[in-house]
Amino acid sequence: MNTFFAQSAYLLPVIKRARAFHLYTQTRRYLDLYLCRGAAVLGHQYSGYSSVMKNVIEQAMYMPYPNIWHQRLLHALEKTFAPHRVGVFMSLPVADEEWREAWQPPGVEYALWRPSLPMPDARFVLPVLPISSQPCWIIITKYDSFPENWPYLPIPAIWSRVLLKAVQLWSLAQTLPAMSSRWKHLFESKGRVHGRYFFSLLGEKEHATWYQYALHRGVVLPPLPQLAGVMPLEMSRGEKKLLQEVLQWA
């Protein structure tokens with residue numbers, strides 16, 4: 001696991017459940033701007049994603065036999081990411097820290113592609129699917145093939161079905177609007193904004209202090225400045241006021 005993510009795990013609150021743009025502990029609700037490393041841009045448990053997993057489990061589709069979901073997934077990948085070559089891997093073939101954000105300097109070997117942002121110019125591109133947990137990894141390349149030592153393995157039907165739903169959500173997330181100018185101005189007082197995404201430019205100690213202040217107020221920010229966050233699609237009037245106060249912290 002990337003050191004960043006290992007460090008961030010113990011900084012987050014211990015939650016009981018997650019829904020939409022909120023996290024719930026035994027005693028409190030938090031507005032979540034971290035959203036699983038910026039992946040769950042549509043919110044937690046969006047559009048019956050959990051139900052898809054339950055239904056496939058009930059069908060006992062655990063084994064890596066040829067199955068209809070695998071074929072449908074391949075068709076959806078070809079349609080969604082054409083004309084690029086697409087591979088599906090049971091484990092990430094390159095360490096987490098090697099994958100760079102699309103807004104970092106161009107010309108990198110490995111880059112993350114977040115929904116609603118342009119596809120990065122990299123040799124290998126990893127779409128950040130808009131789901132809270134990614135069971136397999138979809139990687140895109142402009143080249144003819146992937147390295148021979150990358151772990152191609154049969155994919156069980158349960159993960160093929162889940163990925164198919166995730167690819168459908170990816171297409172939906174591509175149309176997300178950018179952050180409004182008002183919120184962009186507030187976020188840029190602490191960092192940089194790209195579409196609906198942001199990351200902190202504060203030093204580690206200053207960011208840690210800001211993070212703890214926000215957590216005390218009921219807002220979960222990315223726990224480390226190296227990690228991306230997302231502007232929620234939905235907030236109450238009170239949450240908007242609260243977030244404005246958190247962003248104006250100095």
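Criteria and thresholds
- Residues numbered from 1 in each chain as written.
- Predicted model: local features only at pLDDT ≥ 70, side-chain atom pairs only at ≥ 80, totals over all residues.
- Heavy atoms only, no water.
- Pairing = 2+ DSSP bridges.
- Helix = DSSP H or I, 4+ residues; strand = E, 2+ residues; numbered from the N terminus.
- Salt bridge = Lys/Arg side-chain N within 4 Å of Asp/Glu carboxyl O.
- Buried < 20%, exposed > 50% of the residue type's maximum accessible area, 1.4 Å probe, protein only.
- Core = buried A, V, L, I, M, F, W, Y, C linked by side-chain atoms within 4.5 Å.
- Polar contact = N/O pair within 3.5 Å; in protein donor to acceptor, adjacent residues only side chain to side chain.
- Contact = heavy atoms within 4.5 Å.

S.K.: Sorry, what's going on with the sheet that holds strand β9 (residues 197-200) here?
M.R.: Sheets are built from strands paired through backbone hydrogen bonds, the pairs being either parallel or antiparallel. A sheet is described by the order of its strands in space; here three strands give the open sequence β8-β9-β11, paired in antiparallel fashion. Among the strands making up the open sheet, the edge pair consists of β8 (191-194) and β11 (229-230).

S.K.: So what exactly am I meant to see when it comes to the pattern of salt bridges here?
M.R.: Note on pairing: side chains with opposite charge can pair once their charged atoms come close. The tally for this structure, following the rule as stated, stands at six salt bridges. A salt bridge links Arg37 to Asp96, with the shortest nitrogen-to-oxygen separation between them at 4.0 Å. Linking Arg37 in helix α2 (residues 35-38) with Asp96 in the loop between β4 (85-89) and β5 (110-113), this pair joins segments that are 59 residues apart in sequence. Given the relative accessible area of 21%, Asp96 is considered partly exposed. Measuring nitrogen to oxygen at the nearest pair gives 2.6 Å for the salt bridge that ties Arg217 to Glu245. With Arg217 in helix α7 (residues 204-217) and Glu245 in helix α8 (residues 237-247), this residue pair connects regions lying 28 residues apart in the sequence. Residue classification places Arg217 among the partly exposed residues on the basis of a relative accessible area of 29%.

S.K.: How should the nonpolar core be read in this particular structure?
M.R.: Looking at soluble globular proteins, one finds that nonpolar side chains tend to be buried together. Core analysis: the largest hydrophobic core is formed by 36 residues, its most contacted members being Val41, Leu77, Phe81, Val88, Leu129, Ile138 and Leu163. Looking at this core, the element that brings in the most residues is helix α5 (residues 157-173), giving eight residues. Core analysis: the next-biggest nonpolar cluster, separate from the first, contains 29 residues, Tyr34, Leu221, Met231 and Trp249 among them.

S.K.: What is the right way to read the side chain of Thr141 from this model?
M.R.: Considering the arrangement of structural elements, one finds Thr141 in strand β7 (residues 137-141). Accessibility expressed as a relative area gives 0% for Thr141, which makes it buried. Here the side chain of Thr141 touches Tyr143 through a polar contact of 3.1 Å, landing on its backbone nitrogen. Setting aside chain neighbours within four positions, we find Thr141 in contact with His84, Arg85, Arg123, Phe124 and Phe146.

S.K.: Is there a simple way to think about the pairing of β7 in this case?
M.R.: Side-chain positions along a regular strand alternate between the two faces of the sheet. With four of its five residues buried, β7 lies for the most part within the structure. With five bridges connecting them, β4 and β7 associate as antiparallel partners. By the bridge assignment for β7, Val86 is matched with Ile140. Relative to β7, strand β6 (residues 124-127) is paired through two bridges, and the arrangement is antiparallel. Residue pairing across strands places Phe124 opposite Thr141, the latter belonging to β7.

S.K.: Would you mind showing me how to read unusual backbone geometry here?
M.R.: Most peptide bonds take the trans form, and the phi angle of most residues other than glycine is negative. The residue after Ala82, namely Pro83, is reached through a cis peptide bond having omega 10 degrees. Here Pro83 lies in the loop between α4 (68-81) and β4. Positive phi, close to 45 degrees, is recorded for Leu35, a residue that is not glycine. By the element assignment, Leu35 lies in helix α2. What makes Leu35 buried here is its relative accessible area of 0%. Look at Cys36: it is not a glycine, yet its phi comes out positive at around 55 degrees. With respect to the helices and strands, the residue Cys36 is situated in helix α2. Using a relative accessible area of 27% as the deciding quantity, one classes Cys36 as partly exposed.

It is worth stressing that arrangement in space is one thing and function is another; only the former is reported here.
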